[in-house]
Amino acid sequence: MRARDREILLKLNKEVLWLFVTGSVVVATLVVLFLLRTPPSYYEYNGFTLGTYCRIYVSSEKINSKSLAEMLFTELDRIYKKYNANDPESVLSKINVSQDWVDLDEETFVLLDAALKFSNMTEGAFDPTLGNLIHLWGFDRLDEQDVRVPDSSEIEVALLHTGYKNILLDRQKRRAKLLNGIHIDLGGIAKGYALDRVYQIAKEVDPDCTGFVEAGGDIRIIGPKFGSRPWVIGIRDPDDTNECVGYLYLDSGAVATSGDYERYFTVNGIRYHHILDPQIGYPARGIKSATVVASTAVTADALSTAAFVLGGKNWEYVVLDFPKSGGHVLLVDKDRNIRKSPSLSVYEADR
Ligand code: AMP
Ligand code: MG
């Protein structure tokens, strides 16, 4: 090799070395900056609506997290007021008192249509027309004094005025008519619907916002913790507020639990709770809690109520067939046995 070539090679080597060193310094600085970056801070908003305690936990870098949380709470409350069967001014009450066809706004039509879809899917275990029965038991009032065990004859009469097939929906004219004096009660699905709406609004305001929103045991994930980690959700032990029977790791989607501990009263040692078996008009027996993971809160909410009703009759059907409709189930039965959909294991492992 000539002296000139050697000189060129040496110069080239030096340049490569220099590039390598500066490149490494830049990469190392970026790694350090990434590791030291402050995680987004979350704003927590607690409030009472939808007949339960609600918690909004959000973080946005686009808008003030507190303003976002307040905006989301306003939406929860709007839906509560619109579908509160106890408020004579609510949209739902106007449908319930009418003997004739009632024109529906688009949102109400979609919600009723969804409720009927879940009734059909669960052969009526989820039934949004139990208003008369729920009123008879007193579970529609927040006051503990109003609950009682009705006579069997009263239950028989109320049962005549229930049944999801008594809701007629006219798709063309976007209207509804209730037959046989039924009253709609959306307590088994409204929380889920409200949580999905909140998710939509949060994402419209800031597609990158993260957090979750919770309404009385139902949770809708808005985005992963700190943008990348799953949220860890404890499934409450139905017999002990402070214990969990399992944990779920969710970075999207929703989870809902229906439990016999949420609203109940006890007479002669028997617990009467708020989830009714539409076939008999009495609280569904055999299950203490039913948890459902799904991609939307509306599915998780409706299917958790249905899983609670059906779980005591045919738990194999619930854990094996509900996943086909998008709901992955965990049941705790009256003897504390835990029955799970095999597909639930995806959500039980930390990722
Ligand atoms: P959840 O806590 O989601 O299971 O909903 C329970 C609420 O749904 C009750 O307080 C009632 O308002 C209503 N509900 C009770 N039993 C049923 C049922 N079998 N199907 C649909 N909704 C029901
Ligand atoms: Mg429900």
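Anyway, here's the lowdown on the structure attached to this text. (Residues numbered from 1 in each chain as written. Chains lettered and ligands numbered in written order. Predicted model: local features only at pLDDT ≥ 70, side-chain atom pairs only at ≥ 80, totals over all residues. Heavy atoms only, no water.)

1. Examining the overall build of the protein
- Within the protein, the secondary structure is distributed over 10 helices and 15 strands.
- Relative to the globule expectation of 20 Å for 351 residues, the C-alpha radius of gyration of the protein, 26 Å, shows a markedly less compact shape.
- Here the C-alpha coordinates of the protein stretch approximately 110 × 45 × 35 Å along the principal axes.
- When the 351 residues of the protein are sorted by exposure, 46% land in the buried category.
- For the protein, contacts bridging at least 24 residues in sequence account for 60% of all contacts bridging at least 6.
- Here the protein displays about 18,300 Å² of accessible surface, and carbon together with sulfur accounts for 54% of that area.
- Averaging the coordinates of the 40 positive side-chain charges in the protein and doing the same for the 48 negative ones gives two points 7 Å apart. (Helix = DSSP H or I, 4+ residues; strand = E, 2+ residues; numbered from the N terminus. Rg over C-alpha atoms; globule rule 2.2 N^0.38 Å. Buried < 20%, exposed > 50% of the residue type's maximum accessible area, 1.4 Å probe, protein only. Contact = heavy atoms within 4.5 Å. Areas by Shrake-Rupley, 256 points an atom, 1.4 Å probe, with all protein chains shown as cover. Lys, Arg positive; Asp, Glu negative; His and termini not counted. Charge placed at Lys NZ, Arg CZ, Asp CG, Glu CD.)

2. Quick word on the site of ligand 1
- Around ligand 1, the structure places 18 residues, and the nearest of them are Asp127, Asp185, Ser258, Leu276 and Thr305.
- One of the backbone nitrogen or oxygen atoms of leucine 276 is found 2.9 Å away from a nitrogen atom of ligand 1.
- The leading source of residues in the shell around ligand 1 is helix 8 (residues 297-311), at three residues.
- When the residues that make up the shell around ligand 1 are grouped by side-chain class, the tally is eight nonpolar, five polar and five charged. (Near = heavy atom within 4 Å. Polar contact = N/O pair within 3.5 Å; in protein donor to acceptor, adjacent residues only side chain to side chain. Nonpolar A, V, L, I, M, F, W, Y, C, P; charged D, E, K, R; others polar.)

3. Quick look at the pattern of salt bridges
- Counted by the stated rule, this structure contains 26 salt bridges.
- Two residues, arginine 229 and aspartate 350, come together in a salt bridge whose shortest N-O distance is 3.2 Å. You can see arginine 229 sitting in the loop between strand 7 (218-223) and strand 8 (231-237) and its partner aspartate 350 sitting in the segment after helix 10 (345-348), a full 121 residues away along the chain.
- When its relative accessible area of 36% is taken as the criterion, arginine 229 is described as partly exposed.
- We note a salt bridge from arginine 336 to aspartate 239, for which the minimum N-O separation is 2.6 Å. One end of the pair, arginine 336, is in the loop between strand 14 (328-333) and strand 15 (338-340); the other, aspartate 239, is in the loop between strand 8 and strand 9 (240-250), with 97 residues separating them in the sequence. (Salt bridge = Lys/Arg side-chain N within 4 Å of Asp/Glu carboxyl O.)

4. Side note on the sheet that holds strand 3 (residues 102-103)
- What the three strands build is an open sheet, ordered 3-5-4; its pairing is antiparallel. The open sheet is flanked by strand 3 and strand 4 (167-170), the only strands paired with a single partner.
- Pairing between strand 4 and strand 5 (residues 175-178): four bridges, direction antiparallel. Bridged to leucine 168 within strand 5 is lysine 177.
- The sheet strands contacting helix 4 (residues 106-121) are strand 4 and strand 5, and the helix crosses strand 4 at an angle near 130°. (Pairing = 2+ DSSP bridges. Axes fitted to C-alpha atoms, helices over the stretch in contact; angles between N-to-C directions.)

5. Some thoughts on helix 7 (residues 190-205)
- For helix 7, with 16 residues, the first-to-last C-alpha span of 23 Å sits near the 22 Å given by 1.5 Å per residue.
- Within helix 7, burial applies to Ala190, Lys191, Gly192, Tyr193, Ala194, Leu195, Asp196, Val198, Ile201, Ala202 and Val205. (Expected span 1.5 Å × (residues − 1).)

6. As for the nonpolar core
- Leu72, Leu76 and Leu186 are the most contacted members of the largest nonpolar core, which totals 66 residues.
- If one sorts the elements of this core by residue count, helix 8 sits on top with 10 residues.
- Setting aside chain neighbours within four positions, we find leucine 186 in contact with Tyr83, Leu92, Leu111, Leu112, Ala115 and Pro128.
- Core analysis: the next-biggest nonpolar cluster, separate from the first, contains 14 residues, Ile221, Ile233, Val255 and Val332 among them. (Core = buried A, V, L, I, M, F, W, Y, C linked by side-chain atoms within 4.5 Å.)

Everything listed here is a matter of coordinates, which is why it stays silent on function.
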